[in-house]
Amino acid sequence: MTHATHIHWLVICLLLMMGSARAESVLIAAEDDWAPYCVLDKESGQPQGLAPELVKAAFAAEGVEVEFRTIPFARCMYEARSDKVLGCFDATITEENRYQYFWHETPMFEEDLAIFALASEPRRDLKLTSLEQKTVGITLGYTYPTDFMENPRITRFQAKSDTQIIEMLVRGRVDYILMNEMPGYLKIQQKQLSGKVVKVGKISTDGFWLAFSRAHPRGEEMASRFEEGLQKIKNNGTYEALVRAFEAGLGLH
């Protein structure tokens, strides 16, 4: 084989490999309103934040390309119970949904589920039992710990968004609201309520996963491959670099 022929075959092999890589792509649903972890970029129509970057990187480590469908979280989780998409993020695992999806072993990241109140609340060490005999605002379609949702001594009021439950708190319609800490503080800042609505405790520190569809023919397989990819990017420094860039963008470094 001549040198030119050898180059020709190398080019063909590379094109075939590229074609094969492009052929292996997956459709993942992403939530559209959970800044800074995942929010719809209205110009591009794509999700932005730490979570989609981690999802892309973990799959890329396995040679898989990702296409995103960015939709409201409740619909995202609904579609991940069908075969329309491979999965949905960012989900917490509860007793209710544990067997509705396939889960990778390691959470993508962790975040506090915080209790927020008006600044006039004197305590800053509230916990789950502190909410008993109180009214608590929560966001429709989000996942909350089973012991909170099934506690008959807590009165829960649902609204369509974190923004709406903040408004409920400010208007005095509820005593407390539950939001994840960093997204909650961003919403409070956007509403120009910094210093007026504050964290007064927490329910738990929760992991967040990509929930894989049990109805999708590749759901179980890809949950396993995602876990492998996640471990690869943790071991090669990619994960840490993405997290540090994310925190730097928020002014945390």
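Since the model is a prediction, treat every value here as computed from it, not as a measurement. Positions within a chain are numbered from 1, following the residues in the order the chain's sequence is written. Predicted model: local features are reported for residues with pLDDT of at least 70 only, side-chain atom pairs are reported and counted for 80 or more only, and whole-chain, interface and lining totals are derived from all residues. Only heavy atoms go into the side-chain values, all of them from the structure, while hydrogens and water stay out.

Student: I keep staring at the packing of helix α2 (residues 50-60) against helix α8 (residues 238-249) and nothing clicks. Help me out?
Tutor: The relative placement of two packed helices comes down to the angle between their axes together with the axis-to-axis distance. Orientation is described by axes fitted as lines to C-alpha atoms, over the contacting stretch for helices, and by angles from 0 to 180 degrees between their N-to-C directions. Each helix is a run of DSSP H or I of at least 4 residues and each strand a run of E of at least 2, with the numbering of both proceeding from the N terminus. The contact between α2 and α8 brings their axes to 10 Å, and the two run at 165°. Judged on the interaxial angle alone, α8 and α2 are roughly antiparallel. As for how α2 packs across α8, the hand of that crossing is right-handed. Contact residues: α2 offers L50, E53, L54 and A57, while α8 offers T238, Y239, L242, V243 and F246. Residue polarity is assigned by list, with Asp, Glu, Lys and Arg as charged and Ala, Val, Leu, Ile, Met, Phe, Trp, Tyr, Cys and Pro as nonpolar; anything else, Gly included, falls into the polar class. By residue class, the composition of the contact of α2 with α8 is seven nonpolar, one polar and one charged. Each angle is binned into one of four classes, with values under 35 degrees roughly parallel, values over 145 roughly antiparallel, values of 65 to 115 roughly perpendicular, and all other values oblique. Rotating anticlockwise by less than a right angle from the far helix to the near helix defines a left-handed crossing, while the corresponding clockwise rotation defines a right-handed one. In this analysis, two residues are considered to be in contact whenever any of their non-hydrogen atoms come within 4.5 Å of each other.

Student: How should the UniProt feature "domain: Solute-binding protein family 3/N-terminal" (unreviewed entry) in the protein be read in this particular structure?
Tutor: In the numbering adopted here, UniProt assigns the feature "domain: Solute-binding protein family 3/N-terminal" (unreviewed entry) to residues 25-250. Helix and strand shares over residues 25-250 are 31% and 31% respectively, and the end C-alpha atoms of the span are 31 Å apart. UniProt positions are given in the numbering used here, feature names are shortened, and annotations may be inferred rather than shown by experiment.

Student: Can you walk me through unusual backbone geometry in this structure?
Tutor: Glycine aside, a negative phi is what most residues show, and trans is what most peptide bonds show. In this structure, the amide linkage connecting A35 to the following residue, P36, adopts the cis form with an omega of 5°. Within the secondary structure, P36 is located in the loop between β2 (33-34) and β3 (38-40). With an omega of 15°, the peptide bond between F89 and D90 qualifies as cis. When you line up the elements, D90 lands in strand β6 (residues 87-91). Backbone geometry at Q133 places phi at a positive 70°, although glycine is not the residue there. Positive phi outside glycine occurs at Q192, with the angle close to 55°. Structurally, Q192 can be placed in the loop between α6 (181-190) and β12 (197-213). By relative accessible area, which is 67% here, Q192 ends up exposed. Burial classification: accessible surface area is computed with a 1.4 Å probe over protein chains only, and a residue below 20% of its type maximum counts as buried, one above 50% as exposed, and the rest as partly exposed.

Student: Before we go on, may I ask you to explain helix α7 (residues 219-235) in this structure?
Tutor: Because an α-helix packs 3.6 residues into every turn, residues spaced three or four apart end up facing the same way. For α7, with 17 residues, the first-to-last C-alpha span of 24 Å sits near the 24 Å given by 1.5 Å per residue. For α7, the complete set of buried residues consists of G219, M222, A223, R225, F226, E227, G229, L230 and I233. What a helix is expected to span follows from its residue count: subtract one and scale by 1.5 Å.

Student: Looking at this model, I keep getting lost on the side chain of T135. Mind explaining?
Tutor: In this structure, T135 sits in strand β9 (residues 135-139). Setting aside anything within four residues of it in sequence, one finds T135 in contact with T155, F157, R173, V174, D175 and Y176.

Student: Can you walk me through the packing of α2 against α7 in this structure?
Tutor: At a minimum axis distance of 7 Å, the contact between α2 and α7 shows a crossing angle of 95°. Viewed along their axes, α2 and α7 adopt a mutual orientation that is roughly perpendicular. Contact with α2, carried on its side by L54, V55, A57, A58 and F59, involves M222, F226, G229, L230 and I233 of α7 and no other residues of that element. For the contact of α2 with α7, the per-class residue count stands at nine nonpolar, one polar and no charged.

Student: For this particular structure, what's the right way to read the pattern of salt bridges?
Tutor: Two side chains that carry opposite charge are able to pair once their charged atoms sit near each other. Note on definitions: salt bridges are taken to be side-chain nitrogens of Lys or Arg within 4 Å of carboxyl oxygens of Asp or Glu. Under the definition given, this model contains 17 salt bridges. For the salt bridge of K191 with E167, the shortest nitrogen-to-oxygen distance reads 2.7 Å. Of this pair, K191 sits in the loop between α6 and β12 while E167 sits in helix α5 (residues 162-170), and the two are 24 residues apart along the sequence. Looking at K191, the relative accessible area reads 32%, which means it is partly exposed. Under the relative-accessibility criterion, E167 is labelled partly exposed at 25%. The salt bridge involving E181 is made with K199; its shortest N-O contact spans 3.1 Å. Here E181, found in helix α6, pairs with K199, found in strand β12; they are 18 residues apart in sequence, far enough to count as distant.

Student: I'm lost on the state of the cysteines in this one. Help?
Tutor: Cysteine sulfurs are considered disulfide-paired once they come within 2.5 Å of each other. Enumeration according to the criterion identifies one disulfide in this entry. Across a sulfur-sulfur distance of 2.0 Å, C76 and C88 are joined as a disulfide pair. Residues C76 and C88 share a disulfide whose torsion about the S-S bond is about 120°; that sign makes it right-handed. One end of the pair, C76, is in helix α3 (residues 73-79); the other, C88, is in strand β6, and 12 residues separate them in sequence. No disulfide involves C38; its sulfur sits 8.0 Å from the nearest other cysteine sulfur, which is in C76. Judged by its relative accessible area of 0%, C38 falls in the buried class.

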